Protein chains: 2
Amino acid sequence: MPDAVSRPTLEAVAARAGVSRATVSRVVNGGSGVREPLAERVRRAVEELGYVPNQAARSLVTKRHDAVAVVIAEPETRVFTDPFFALQLRGISKELTAHDNQLVLLLTEGRDDHTRVARYLAGGHVDGALVFSLHLDDPLPRLIHDAGVPTVFGGRPGWRDGTGPAVYVDCDNRGGARTAVRHLAALGRTRIAHLTGALDQTSAVDRLDGYRDVMAETPGGADPALVVESDFTPAGGEGAMRELLARRPDVDAVFAANDLSALGALRVLRERGLRVPQDVAVVGFDDMLPLAEQSDPPLTTVRQDIERMGRLMARLLLDGAATRPAARGAAARAGADGGDGGRPDAPPSGVILPTTLIRRASA
Amino acid sequence: MPDAVSRPTLEAVAARAGVSRATVSRVVNGGSGVREPLAERVRRAVEELGYVPNQAARSLVTKRHDAVAVVIAEPETRVFTDPFFALQLRGISKELTAHDNQLVLLLTEGRDDHTRVARYLAGGHVDGALVFSLHLDDPLPRLIHDAGVPTVFGGRPGWRDGTGPAVYVDCDNRGGARTAVRHLAALGRTRIAHLTGALDQTSAVDRLDGYRDVMAETPGGADPALVVESDFTPAGGEGAMRELLARRPDVDAVFAANDLSALGALRVLRERGLRVPQDVAVVGFDDMLPLAEQSDPPLTTVRQDIERMGRLMARLLLDGAATRPAARGAAARAGADGGDGGRPDAPPSGVILPTTLIRRASA
DNA sequence: TTGAAAGCGCTAACAG
DNA sequence: CTGTTAGCGCTTTCAA
């Protein structure tokens, strides 16, 4: 790749405006404390030369980057085809942009990439990290922790080593699952099955727990045969649904761990000639639009505001909630950034967003 | 946001190893020209201190960043919910990673963000840019051009100002469209309609041209009523399909500009009780999986290898194909990066990837 | 081979 | 208010 064209430096601007570098720097960084005529001369020089500050030089001295890394662990190949990440990224991007921060996307395709990511984070490119899609045995959180970068996690982290409390944003997976199953029960269904998500992720575990909470207090009680392990994908949902029908042909309701797998289940049901919701009622999770709305039949599901989760993660990071015990003193900056945050509350270690049941035709 | 914890510097490593900074630098950057015992001492010191080079400092002197920006213009809100970008990003990410480059994602939510992006690019954060989703009237390419950063475009750029030839990667939109329409004609369909994409994008225009190419040589000739303008979205496809049925209830085939809009069309067809393909044959474009495969009926479509396009874009950039006339001399680096590129061919200004017709049930 | 020294472009005291 | 002066942490001549 060719070197970028050499651009004018502060020095050049200073020379052109007939002032010192310091003065130019002041003008460029907000201009306070510089008399107007001078400032104007500087601005003109900046304009004429097309000067743009060199960020590397700036970061070197300020130790700030106005950039945040988003780390998406991608053990399978499932990341970007899942609209979930897309939405979260949108939220993050919006919030970051509003605070003049850049989003640096770090995708990890496998174990090999973990060290690369850790190196990047430790390399002082970014002021913080937003980390997603963690699996229980993931070595990434440790590496990231060691990189010494403030971090907010997307989804409750599931590790149990001594990495200490992590700041994270999640939705009320357990509560949402309860709502879904209760809805099914209220419909008079008695043989309510659950197609789980990938059980190495806490979201799947929590939803399963929620399902069990309700089933335990149900007349029939919990039947293990009604729980089929799956993996959040449409294909997984199909497979699990087939397995379920083999085990319990009399099933009359299905709570799928997410909309994608619910869609898979719907397909199998249709192909078997089972009517939804008459024969089998189906509830999903996520309210992934437009999928959930346009499925056949439209999917009743538990909505979580994914984009908002993303925004919140970014805000927590910028507000300094992710500060590790050692280093303090950032709330001021977040406030000065013109944001709406900056309240020096005690940093929460986990923020749980509510869920709502969206009733459509499938249950 | 809190400052990152202070990390050890080259200086510290040098002190610990009892050598000069220069020696440490040499070891860290490949170690050639340093006698083994010394090098070993340095490596141990690096290890013990957990030293990671500060990239800002490094870039300041090398003027290289090993980072590439991906710019996605998002005039509408349609970017991340479209699997298209996801796939392209995957390809880009893979290629970049293989060459130890970082991907920096720049999302623009609207006009305001354009200057921000231009500033970022000019700010010397990245060695090059990959730019997408351009619309005909987009001011972004000009801004990016002025930022003086080597750039590869995704999709044939459509502007006509004097910005000079651009390097881009695209699929054979026109040829693919021809194939699709010929297939429909070969099926004996005579009233073949086209639901266009957003016509401010060259891909939509090219596909429309391909459709017209074939229709022109068809017995009936081209009937303008059979062309309905749409926008690449499922909702747009629905609307266009309704409009089409209003105009020409006798339509017996539809070529949709992409799979997403084809899905919309399919839905309207089903709702009107028209059978696909018996009454109306439908062909899409993209072969967006798993959507195209799992639609009802499965969609016959024109496949383009989107992920490969992404990979190719990244490779072209890294190989220095995007060098602007002024600055030369990067092929060596790309080769030394351990890549498979680096052949000093004349830089192509456009690379067109082939398309294939994938026959499924819808036509 | 190794080290000393000179910056890369910028900000941030500190004087004036 | 403005300029002068140190560096930020690193690479890279240039000598030794």
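This section reports on the structure supplied with the text. (Residues numbered from 1 in each chain as written. Chains lettered and ligands numbered in written order. Predicted model: local features only at pLDDT ≥ 70, side-chain atom pairs only at ≥ 80, totals over all residues. Heavy atoms only, no water.)

This part is about the overall build of chain A. In terms of helices and strands, chain A carries 14 helices and twelve strands. For chain A, the residues scored as buried account for 56% of the 363 residues in total. Contacts in chain A between residues far apart in sequence, at least 24 positions, make up 71% of those at least 6 positions apart. Carbon and sulfur atoms make up 51% of the accessible area of chain A, which amounts to about 14,700 Å² in all. (Helix = DSSP H or I, 4+ residues; strand = E, 2+ residues; numbered from the N terminus. Buried < 20%, exposed > 50% of the residue type's maximum accessible area, 1.4 Å probe, protein only. Contact = heavy atoms within 4.5 Å. Areas by Shrake-Rupley, 256 points an atom, 1.4 Å probe, with all protein chains shown as cover.)

So, about the protein's contact with DNA strand D. Within the structure, DNA strand D sits among 28 residues, and Arg26(A), Arg35(A), Leu10(B), Arg21(B) and Tyr51(B) are positioned closest to it. Here a base oxygen of DNA strand D sits 2.6 Å away from a polar atom, N or O, in the side chain of Arg26(A). Between DNA strand D and the protein, one listed contact pairs a phosphate oxygen with a backbone N or O atom of Leu10(B) at 2.3 Å. Looking at the surface near DNA strand D, the elements that each hand over two or more residues are helix 2 (21-28) and helix 4 (55-62) of chain A together with helix 2 (21-28) and helix 4 (55-62) of chain B. Its residues assigned to classes, the surface near DNA strand D shows 13 nonpolar, eight polar and seven charged. (Near = heavy atom within 4 Å. Polar contact = N/O pair within 3.5 Å; in protein donor to acceptor, adjacent residues only side chain to side chain. Nonpolar A, V, L, I, M, F, W, Y, C, P; charged D, E, K, R; others polar.)

Any two aromatic rings considered together are summarised by their centre-to-centre distance and by the angle between their planes. Residue and element names in this part refer to chain A. A complete count under the given rule lists four aromatic pairs over all chains for this structure. Centre to centre, the rings of Phe84 and Phe85 are 6.1 Å apart; their planes meet at 80 degrees, and the pair counts as edge-to-face. With respect to burial, Phe84 and Phe85 carry one shared label: buried. Ring-pair connections join several aromatic residues into one group, and the members of that group are Phe84, Phe85 and Phe132. A cation over an aromatic ring shows up here: Arg207 above the ring of Phe285, its NZ or CZ 3.8 Å from the ring centre. (Phe/Tyr/Trp six-rings, centres within 6.5 Å; stacked < 30°, edge-to-face > 60°. Lys NZ or Arg CZ within 6 Å of the ring centre and 35° of its normal.)

Now for the packing of helix 1 (residues 10-17) of chain A against helix 2 of chain A. Helix-helix packing: each pair is described by the crossing angle between the helix axes and the interaxial distance. Residue and element names in this part refer to chain A. Look at helix 1 against helix 2: their axes get within 8 Å of each other, and the N-to-C directions meet at 105 degrees. The orientation of helix 1 relative to helix 2 falls into the category roughly perpendicular. Residues Leu10, Glu11, Val13 and Ala14 of helix 1 lie in contact with helix 2, whose contacting residues are Arg21, Val24 and Ser25. Counted by class, the contact of helix 1 with helix 2 contains four nonpolar, one polar and two charged residues. (Axes fitted to C-alpha atoms, helices over the stretch in contact; angles between N-to-C directions. Parallel < 35°, antiparallel > 145°, perpendicular 65-115°, else oblique.)

Turning next to the sheet that holds strand 3 (residues 128-132) of chain A. Think of a sheet as strands paired side by side through backbone hydrogen bonds, with each pair either parallel or antiparallel. All names here are of chain A. Taken together, the six strands give an open sheet; going across it, the order is 2-1-3-4-5-11, and neighbouring strands pair in parallel fashion. Bordering the open sheet on either side are strand 2 (102-108) and strand 11 (350-353), each of which pairs with just one other strand. Put simply, the sheet's adjacent strands are angled 20 degrees from each other on average, direction ignored. Where strand 3 lies against strand 4 (residues 151-154), three bridges are found, and the strand directions are parallel. Opposite Val131, over in strand 4, you have Phe153 as the bridge partner. (Pairing = 2+ DSSP bridges.)

All names here are of chain B. When you tally the buried positions in strand 5 (residues 167-171), you get five out of five residues, the bulk of the element. Residues Val167, Val169 and Cys171 line one face of strand 5 and the alternating positions Tyr168 and Asp170 line the opposite face, and both faces are buried. In the sheet, strand 4 (residues 151-154) pairs with strand 5 via three bridges, with the strands oriented parallel. In the sheet register, Val152 faces strand 5, and the bridge partner there is Val167. Here strand 5 pairs with strand 11 (residues 350-353) via four bridges, running parallel. By the bridge assignment for strand 11, Cys171 is matched with Leu353.

This brings us to the pattern of salt bridges. Between side chains of opposite charge, a pair can form when the charged atoms approach closely. A full pass over the atoms with the stated rule returns 52 salt bridges over all chains. Its salt-bridge partner being Asp209(A), residue Arg174(A) comes within 3.9 Å of it at the nearest N-O pair. Of the two residues, Arg174(A) sits in helix 8 (residues 173-186) while Asp209(A) sits in helix 9 (residues 202-216), which places them 35 residues apart along the sequence. Residue classification places Asp209(A) among the partly exposed positions, given a relative accessible area of 22%. With a shortest N-O distance of 2.7 Å, Asp287(B) and Arg303(B) are connected by a salt bridge. Taken together, the positions of Asp287(B) in the loop between strand 9 (281-286) and helix 12 (291-294) and Arg303(B) in strand 10 (residues 300-303) put the pair 16 residues apart, joining distant regions of the chain. The network of salt bridges with common partners includes Arg191(A), Asp223(A), Arg248(A), Asp250(A) and Asp252(A). (Salt bridge = Lys/Arg side-chain N within 4 Å of Asp/Glu carboxyl O.)

A few words on helix 8 (residues 173-186) of chain B. Residue and element names in this part refer to chain B. Between its first and last C-alpha atoms helix 8 spans 20 Å; for 14 residues at 1.5 Å apiece the expected length is 20 Å, and the two agree. What helix 8 keeps buried is the set Asn173, Gly175, Gly176, Ala177, Ala180, Val181, His183 and Leu184. Of the residues flanking the end of helix 8, it is Gly188, one or two places downstream, whose phi is positive at about 95 degrees. (Expected span 1.5 Å × (residues − 1).)

Residues and elements named next belong to chain B. If you walk across this open sheet you meet the six strands as 7-6-8-9-10-12, and the pairing is mixed. Of all strands in the sheet, those bounded by a partner on one side alone are strand 7 (227-228) and strand 12 (356-358). Bridge count for strand 6 (residues 192-195) against strand 7 is two bridges, and the pairing is parallel. Residue His194 lies in a different strand from strand 7, and its bridge partner there is Val227. Of the strands in this sheet, strand 6, strand 8 (253-256), strand 9, strand 10 and strand 12 touch helix 8, which is tilted by about 165 degrees from strand 9.

Turning next to the packing of helix 4 of chain A against helix 4 of chain B. Across the interface, helix 4 of chain A lies against helix 4 of chain B with an axial gap of 8 Å and an inter-helix angle of 140 degrees. With respect to the hand of their crossing, helix 4 of chain A and helix 4 of chain B are arranged in left-handed fashion. Contacts between helix 4 of chain A and helix 4 of chain B involve Ala56(A), Ala57(A), Ser59(A) and Leu60(A) on the former and, on the latter, Ala56(B), Ala57(B), Ser59(B) and Leu60(B). Among the residues making up the contact of helix 4 of chain A with helix 4 of chain B, the classes are represented as six nonpolar, two polar and no charged. (Left-handed = near helix turned anticlockwise from the far one by under 90°.)

Taken together, the side chains of Leu60(A), Val61(A), Leu60(B) and Val61(B) present a nonpolar region at the surface, about 350 Å² in accessible area. If you list the elements that add at least two residues to the nonpolar patch, you get helix 4 of chain A together with helix 4 of chain B. Along the chain, the position of Leu60(A) falls in helix 4. (Patch = residues over 30% accessible without salt bridge, like charges linked within 9 Å, V, L, I, M, F, W, Y side chains within 5 Å.)

Our next topic: the protein's contact with DNA strand C. As a matter of local geometry, DNA strand C sits amid 28 residues, with Leu10(A), Arg21(A), Tyr51(A), Thr23(B) and Arg35(B) nearest to it. Looking at DNA strand C alone, sugar and phosphate atoms form 66% of those within 4 Å of the protein. Residue assignment for the surface near DNA strand C shows that the elements contributing at least two residues are helix 2 and helix 4 of chain A together with helix 2 and helix 4 of chain B. Per-element accounting of the surface near DNA strand C gives the leading share, five residues, to helix 4 of chain A.

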